[in-house]
Every structure is written in structure tokens, then in C-alpha cells.
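Okay, here's what each chain looks like letter by letter:
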Amino acid sequence: MSRRQLERGAALRGMVAPDGIAPLGADFPVDGSGPDEDCHILHLDMDAFFASVEQLRHPEARGRPVIVGGTGPRSVVSSADYIARRHGVHSAMPMAQATRLCPDALVYPPDGAAYRQASEAVMDILRSVTPLVQPLSLDEAFLDVSGSRRRLGGPVRIAAMIRERVRREQRLTCSVGVAATRFVAKLGSTHCKPDGLLLVPTAAVHGFLDPLPVGALPGVGDKTERTLARLGLRTVGALARADTQLLRMELGEKAGTRLAELARGEDPSPVLPETQDKSVGAEETFAEDVVDPGLIDRELLRLSEKVAHRLRVSGQVGRTVSVKLRRADFSTITRARTLSESTDVAREISTVARALYAASGLKGSPVRLVGVRLEGVAPVEHAYRQLALGEEDTGWRDVERVMDRVKARFGPGAIQSAVLAKRDENDV
């Protein structure tokens, strides 16, 4: 994130008021209150993502300012946590300047693999809510939850559930904006950072947007901002009341029309999910390290059911089963096996997943996280299943499709595998 983006975000949160413009006041609640019936768009933004991942990997960093970036003479800051930011550190700043501003900071080199792994786990959580997920980068994404309301409740409830799962399962925090349009939802998540939730009801959109500086709108760079200032247009409210034809003359037909629409809170652009998942997975971090192989086998079955359900909902199948096992010391191993044919059946996935765990050498060792993933994903119509001579279809695919229909109508807890149900009874 650039310095300019950080300043804009600070202005949204009332921390900076450039050019004498009053920022959004305290009378707009930074919470999930208000009607959310038509606010089906969510924007999730992870908080200081790279730095937060490093704090997880390095216990000594907890409570200390953290900066991520190179240490060479020309290195720049990739990310900084909120403690370091209070000292003036921001992304793209020269590292030498950052360490002068915050000499007590711990500096870690970027670890792209670790960040991608953490991002993948967060995106898995989002895709378990809705297939309509559009990642923008490793640390942010749009979601359209209109199709998930019957199963999970209203958008604010879904946003709160996502934030809790990210906190509980990944030990990371995120901020979520909820609105009827993409760009208002994105502004909402910026306004409530860090670790916040903001609903912008449709009736309150103008009250939310009007006080903001025009630079808060997407597509307004330094040059456009200077042009608008020359026209006396410094706030979004002023821009919304401006003559659209004048904006077209000054900014061009397309840009002028687009900015006029955004200033009025209009944004018809939909959430566009990736055309096809490369893989589908799910994972769980235990509250306490688990040693019992039976409990881990049971969790692998539960995760396999989640993966299979997501595949069936999205009309896909996969061929390579992989498991992720994280030890108590945070070291992680993965094991994978390719099936003879693609599948979307939980029973088949879990059988392989449990066999991979059995062969991992970790049976009886403390495990803090397990994950199941199906790779080599393709549309179901591109995969063909041919029974061998004399082989009988087990019928599990049909059974699991019936379970899908029951869960869709009565909720996710309405039906589950006997193994999982029996264990839940014992836990009561």
C-alpha cells in the first residue's frame, strides 16, 4: 500500500483531514447496526497482513513493532504493523528511514510462501461461505453473499462469522465492509480498520460518502484530484452535485461518467469469481494440540466433507488429495496422492487423507492444525468415471448429494456422517 493510499485510509477513519475537509464524523457508527436486506456485498481486508503473519511465526514479536521488508541499502518497507505505523512507518518507505523512525522495530524479510499459504487458508474460509469470491490480492477480496442468506443469515451476521473464523482458525484479524455496492463496501472496510466491521445501509450511503475527500474514490489520482480542486470539487458530496457533462469535458467521457456515478453511490459492477479453482481445501486449527489419532482421523473426515460439498456446489471435481499437518512447533508437512479418477465424494477423499496421515510419521505426535485439499480441479462435465468390469457403484455420491439438499433446506447441522454425529453425542 502506498503512502497516498494510507493517507486516504486515515482520512476515512477520521485521523487526517486534508485541505481542511472534515472527515467522517463520529455520528456514523463503526459497527454492524442498521438494515442490511440489500447489502449483499462484503469486502474483507486483512489487517497488516504480512506483519501479522510474521508475528505468528515469531513469538518474540508479539507486542513489538514489526516491519517486513529487505535490509539492503535500497530496500523498502513491504508492510508494517499498526505499532510501527504510529511511528510514521508506511509501505514503500525506504527501510533506512523506517528504522530511524522506529528503531525498536523487528525487521523480517518477506516470505512469499508463508503469506500465500495464509492467504489460501483465508480464501478457503470465504469460499466455504459463497462461491462468489473475487480475490483482489493476497489480503483482500470481495464476496457476494446473496445466495448464502437462507443458510447462514443476513450479510452482517455472515461478516461477523467470517471475522470470528479468521480469528479462531488463523489467529489473524480482518476488517469487513458491508454494503450494496463493491466500492462502498471497500470504503467501509477501510473506515473500520483495524479489526472492525462496518455496515453502510443503502439509506445512509450519501451520509457516508458526502463528507469524504474526492481522493477516496477509486480512480482519483493526483492529477484528477488537482483537476477537481480547480473546479471547486473537493468532497464527494460536491462531486455528486456537479454537472456530469462538465466532468466529461474535463476528465473524458468514460472517467467523468464513472466518477459521477460513484459519487452518487452507484456501482453496478458485480463480484467476479475466478473462472475456475485450481484447488479446493479446508483446514482447522485446534484450540489445543491434539495427540489422539482418532480425533485427527475424525477431523480429516469432517474437512473432507467440507471440501467435497464445495466441489459439488461449484460443479467441479478434483484428482489429487493432499493433507497439511502442522506440528506443535509450527513446522508444517504436506503429503499428496493422485487418484485414478477425479472425485467429489467425501468418503473417497477422506479415505486417502487418513491414509496419508497414517503414513506421515506423525501419529501420536502433537498436531495443532490439519488440512485437506483437492488439487487438479476441473468442471465435472470434463471428468468421466468408468466402472471396471464387475465393479459396483458404492452409491456414496448419491448419498452425499441427498445430504447437500437436506443441509440447504434445514441448515448445516441438520444431517451429518454417523461417525461425526456419534462423536458429538459423546462430547455432550
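Given the structure is predicted, the values throughout are model-derived calculations rather than measurements. (Residues numbered from 1 in each chain as written. Predicted model: local features only at pLDDT ≥ 70, side-chain atom pairs only at ≥ 80, totals over all residues. Heavy atoms only, no water.)

## Quick word on the pairing of strand 5 (residues 133–137)
To keep it simple, the criterion reads: Only strands joined by at least two bridges in the DSSP assignment are considered to pair. Segments assigned H or I by DSSP are reported as helices when at least four residues long, segments assigned E as strands when at least two residues long, and all are numbered from the N terminus.
Note: strand 5 against strand 6 (residues 140–144), four bridges, orientation antiparallel. Within strand 6, the residue paired with Gln134 across the bridge is Phe142. The loop that links strand 5 with its antiparallel partner strand 6 comprises two residues.

## A word on the UniProt feature "site: Substrate discrimination" (unreviewed entry) in the protein chain
To keep it simple, the criterion reads: UniProt positions are given in the numbering used here, feature names are shortened, and annotations may be inferred rather than shown by experiment. Residue contacts are defined here by distance: any two heavy atoms, one from each residue, within 4.5 Å place the two residues in contact.
Mapped onto the present numbering, the UniProt feature "site: Substrate discrimination" (unreviewed entry) falls at Phe50. Its location among the elements puts Phe50 in helix 2 (residues 49–57). Not counting residues within four places of it along the chain, the set of residues in contact with Phe50 comprises Val68, Ser78, Ser79, Tyr115 and Leu138.

## With respect to the pairing of strand 7 (residues 174–179)
Definition in use: Each residue gets one of three labels from its accessible area relative to the maximum for its type: buried under 20%, exposed over 50%, partly exposed in between, using a 1.4 Å probe on protein chains only. Look down the strands so they point away from you; if going from the first strand over the helix to the second traces a clockwise path, that crossover is right-handed.
With respect to burial, strand 7 is a largely interior element, six of its six residues being buried. Neither face of strand 7 is left uncovered, since the one carrying Cys174, Val176 and Val178 and the one carrying Ser175, Gly177 and Ala179 both have all their residues buried. Bridge analysis of strand 1 (residues 41–46) against strand 7 gives six bridges, and the strand direction is antiparallel. Directly across from Leu42, in strand 7, lies its bridge partner Val178. As for the winding sense of the linkage, the β-α-β connection from strand 7 through helix 8 (residues 182–191) to strand 8 (residues 197–199) is left-handed.

## Some words on the nonpolar core
Here is the rule: Residues grouped as a nonpolar core are buried Ala, Val, Leu, Ile, Met, Phe, Trp, Tyr and Cys residues, joined through side-chain atoms within 4.5 Å.
Leu42 and Ile162 are the most contacted members of the largest nonpolar core, which totals 38 residues. For this core, the leading source of residues is helix 5 (residues 112–129), giving eight residues. Ile162 has contacts with Leu42, Leu44, Leu126, Val129 and Leu143, leaving out every residue within four places of it along the chain. With 31 residues, the next largest nonpolar core counts Ala179, Phe183, Ala185 and Phe208 among its residues.

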